[in-house]
Amino acid sequence: GAVVSQHPSRVICKSGTSVKIECRSLDFQATTMFWYRQFPKQSLMLMATSNEGSKATYEQGVEKDKFLINHASLTLSTLTVTSAHPEDSSFYICSARDWGLAQYDTQYFGPGTRLTVL
Amino acid sequence: ILNVEQSPQSLHVQEGDSTNFTCSFPSSNFYALHWYRWETAKSPEALFVMTLNGDEKKKGRISATLNTKEGYSYLYIKGSQPEDSATYLCAFTTSYDKVIFGPGTSLSVIP
């Protein structure tokens, strides 16, 4: 139980294009989803928290117009990197949380998406 | 600025050796401390969550302890096996629901 999928696992795009990454909770309803970014040899950095049906809360320094997050249902959240540039190349990973399912605030993670912007 | 540190950054041990890692976190505004295991090409997987000072958790050969007063947690692996090779992340949750991950400890178990 508590499986989270993420698609695509790897994407290469040209500079200036937009890329959408999907995060789905497959066997539970996620009241909250999180989006992280990981730079090489660094921690997972929280980008934003989204609750179903409401606007995402972005961490300081994360451009909300550049990283659009939509959490339209209890099983799906999307991250759209708009007008991507090479500096957006990174590993993006989502997680989901449901207080009724998990112990305390345990998060269930997707496998991540490697984005390369040429 | 809240900071979570983990040591060592990486570790190479022989199969059968026991090992331990450290996670250091702020001692104020504590809510929970999580350990996750992240194998290459897979999703991070929850190992333990601890919330009370002095908590000890165990799952098979892996165990963890928590000291909230001094702000550290230890993860122990007894008799390491090659399948234990992974990055081990700790995550600190504050009482105001902010989660901060450490950079991880990368463990390689050599057969």
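Residues numbered from 1 in each chain as written. Chains lettered and ligands numbered in written order. Predicted model: local features only at pLDDT ≥ 70, side-chain atom pairs only at ≥ 80, totals over all residues. Heavy atoms only, no water.

A tally of helices and strands in chain B yields zero helices and eleven strands. Listing the helices and strands of chain B from first to last along the sequence gives β-β-β-β-β-β-β-β-β-β-β. By the compact-globule yardstick of 13 Å for 111 residues, chain B fits well, its C-alpha radius of gyration being 13 Å. Across its three principal axes, chain B shows a C-alpha extent of roughly 45 × 25 × 20 Å. Going through the 111 residues of chain B one by one, you find that 49% of them count as buried. Across chain B, contacts joining residues at least 24 apart in sequence account for 54% of those joining residues at least 6 apart. (Helix = DSSP H or I, 4+ residues; strand = E, 2+ residues; numbered from the N terminus. Rg over C-alpha atoms; globule rule 2.2 N^0.38 Å. Buried < 20%, exposed > 50% of the residue type's maximum accessible area, 1.4 Å probe, protein only. Contact = heavy atoms within 4.5 Å.)

This paragraph deals with the interface of chain B and chain A. Interface size, as often reported, equals the accessible area lost upon joining of the parts. Between chain B and chain A, the contact holds 19 residues from the first and 18 residues from the second. Interface area for chain B against chain A, summed over the two sides, is near 1,600 Å², with a carbon-plus-sulfur share of 56%. Close ionic contact of Lys98(B) with Glu59(A) constitutes a salt bridge, the shortest N to O distance being 2.5 Å. When residues of the side of chain B that touches chain A are traced back to their parent elements, those giving at least two are strand S4 (30-38), strand S5 (45-50), strand S9 (86-94) and strand S10 (99-101) of chain B. In terms of residue count, the dominant contributor to the side of chain B that touches chain A is S4(B) (five residues). Of the residues assigned to the side of chain B that touches chain A, the class counts are eleven nonpolar, five polar and three charged. (Buried area = accessible area lost by both parts, 1.4 Å probe. Salt bridge = Lys/Arg side-chain N within 4 Å of Asp/Glu carboxyl O. Nonpolar A, V, L, I, M, F, W, Y, C, P; charged D, E, K, R; others polar.)

Honestly, that's just the spatial picture; any functional story needs more than this.
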